[in-house]
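Observations on the model geometry
The chain contents come next:
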Amino acid sequence: MDLLLFSNSTNHGGRPYAHALPEIRDFLAGVEDALFVPYALADHDAYTAKVADAFAPAGVALRGLHREADPVAAVAAAGAVVVGGGNTFRLLRSLQGQGLDVAIREAVRAGTTRYVGASAGTNITAPTIRTTNDMPIVEPGSFAALGLVPFQINPHFIDADPTSTHMGETRETRLLEFLEENDVPVLGLREGTHLRVSGDGRARSCVVGGTSVAVRGGGPAIVFRRGKDPEEVSGDVSSLLDERVAFDG
C-alpha cells in the first residue's frame, strides 16, 4: 500500500502543487497517467483541468474519474488515483453513492493503485471524517471513510494565535473535544507538509515530511492523544500504525 498525503495543495502565494512536485515525481515514478477524483468541488471539469495542468511538470497525465463510463472499473485498473481537496462531506457522499469508496479502498490495499491525496483527499484516508475542518454542506451516508490508516488526520492544522481576541474554538480545542468521545490519535499536518505511508503488515512505514509554512507552531506535524500533552513530530511516525483505537468510547 502506497499513500502520499498532503496537508494542502497550494501554499500561500504559490501555484497548485508547486511545493509538492518533488514528492509527486518520486512517488509516481513509472506512472504516466492517473485518475483524478474531483468530487470535493462542484465543477468537476474545471477542477480536473486545473490539477492536470499542475501535474504535467511531474510527467503524469491526469484524466477525470467523472468522465469514465465505468468509474469502479477505472479505479481497479488505475496505476494511481489523485484525490483533490475541497469539501470533505461532498467528496465522501459522492464516493459512497457510486461505490467508489469501496473500489478505491480495495485497489489501494491490494497494492495495485497508488494514492495521492490533498486536504479533503487526505481526510478520507482516515477511518472517519470526524476531524475534518469542513462545514457539512451535504450529508453522506455515514462518516466512515476509507480507513487506509488507523488514526485520524487533521490537514491544514493551524496553531492558535495567543494575541487573537476571537472567542471561538481553536483547532486544538476541537480536536480535544473529539478525544473526549474517541480514544484515537489525531495527526495534525501543518500547511506545506505531507505524510507518506508505504508497505503492508509489519513492514509498514509512516513518515512525515515537508516544511511547515505556518506562521506559528513547531515542526511539520503534531499528534493529539487522549489524556496526553500534544506531541510535536517529524520523520518516522510509524508507531501510529500500531496504536490501539476506540471510537465512541
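Look up a bit, the structure's there.
Keep in mind that this is a model prediction, so the values were computed, not measured.

Some points on the pairing of strand β10 (residues 221-224)
Neither face of β10 is left uncovered, since the one carrying Ala221 and Val223 and the one carrying Ile222 and Phe224 both have all their residues buried. Sheet analysis places strand β7 (residues 186-190) next to β10, joined by 4 bridges and oriented antiparallel. Looking at the pairing, Gly188 lines up with Ile222 of β10. The pairing of β10 with strand β11 (residues 231-233) spans 3 bridges and is antiparallel. Its bridge partner lying in β11, Val223 is registered against Glu231.

As for the side chain of Asn87
If you trace the backbone, Asn87 turns up in the loop between β4 (80-83) and α4 (88-98). Engagement of the side chain of Asn87 in a polar contact is seen with the backbone nitrogen of Phe89, the distance being 3.0 Å. Not counting chain neighbours up to four residues away, the residues in contact with Asn87 comprise Ala40, Ala120, Asp134, Met135 and Ile137.

Some points on the packing of aromatic side chains
In the structure shown here, the tally under the stated rule is 4 aromatic pairs. Look at Phe36 and Tyr47: their rings are 5.0 Å apart centre to centre, the planes differ by 90°, and that puts the pair in the edge-to-face class. With Phe36 in strand β2 (residues 33-37) and Tyr47 in helix α2 (residues 44-55), the pair connects residues that are 11 residues apart, well separated along the chain. Take Phe36 and Tyr47: they sit in the same class, and that class is buried.

What to know about the sheet that holds strand β6 (residues 152-157)
On the basis of which strands lie adjacent, the open sheet formed by 4 strands has the order β6-β7-β10-β11 and mixed pairing. The strands lining the two open edges of the sheet, one partner per strand, are β6 and β11. Between one strand axis and the next, the sheet turns by 25° as a mean value, whatever way the strands run.

As for the nonpolar core
By size, the foremost hydrophobic cluster in this structure holds 45 residues, and its most contacted members are Leu3, Leu91, Tyr115, Ile124, Phe151, Leu187 and Leu195. Ranked by size, the runner-up nonpolar core spans 22 residues in total, among them Leu4, Tyr17, Leu21 and Val60.

As for the pairing of β6
The buried count for β6 comes to 5 of 6 residues, which makes it a mostly enclosed element. Bridging between β6 and β7 involves 4 bridges; their strand directions are parallel. Within β7, the residue paired with Gln152 across the bridge is Val186.

Overview of helix α7 (residues 171-181)
Residues of α7 that are buried: Arg171, Leu175, Phe178 and Leu179. Taken around the axis of α7, the buried residues stretch over an arc of 100°, which confines them to a single face. Opposite its buried face, α7 presents the exposed residues Glu180 and Glu181, each directed more than 90 degrees away. Those residues of α7 that are buried are in contact with β6, β7 and β10.

A word on the sheet that holds strand β1 (residues 2-6)
Taken together, 8 strands build an open sheet; the order of strands is β3-β2-β4-β5-β1-β8-β9-β12 and the sheet is mixed. Looking at strand neighbours, the two that pair on one side only are β3 (61-64) and β12 (235-236), the edges of this open sheet. As judged from the 4 bridges shared by β1 and strand β5 (residues 114-118), these two strands associate in the parallel manner. Considered in β5, the bridge of Leu3 is made with Tyr115. Where α2 meets the sheet, it contacts β2, β3, β4 and β5, and its direction lies at approximately 170° from that of β3.

Rules used throughout
Residues numbered from 1 in each chain as written. Predicted model: local features only at pLDDT ≥ 70, side-chain atom pairs only at ≥ 80, totals over all residues. Heavy atoms only, no water. Buried < 20%, exposed > 50% of the residue type's maximum accessible area, 1.4 Å probe, protein only. Helix = DSSP H or I, 4+ residues; strand = E, 2+ residues; numbered from the N terminus. Pairing = 2+ DSSP bridges. Polar contact = N/O pair within 3.5 Å; in protein donor to acceptor, adjacent residues only side chain to side chain. Contact = heavy atoms within 4.5 Å. Phe/Tyr/Trp six-rings, centres within 6.5 Å; stacked < 30°, edge-to-face > 60°. Axes fitted to C-alpha atoms, helices over the stretch in contact; angles between N-to-C directions. Core = buried A, V, L, I, M, F, W, Y, C linked by side-chain atoms within 4.5 Å. Arc of directions from axis to C-beta.

So yeah, pure geometry; function would need other evidence.
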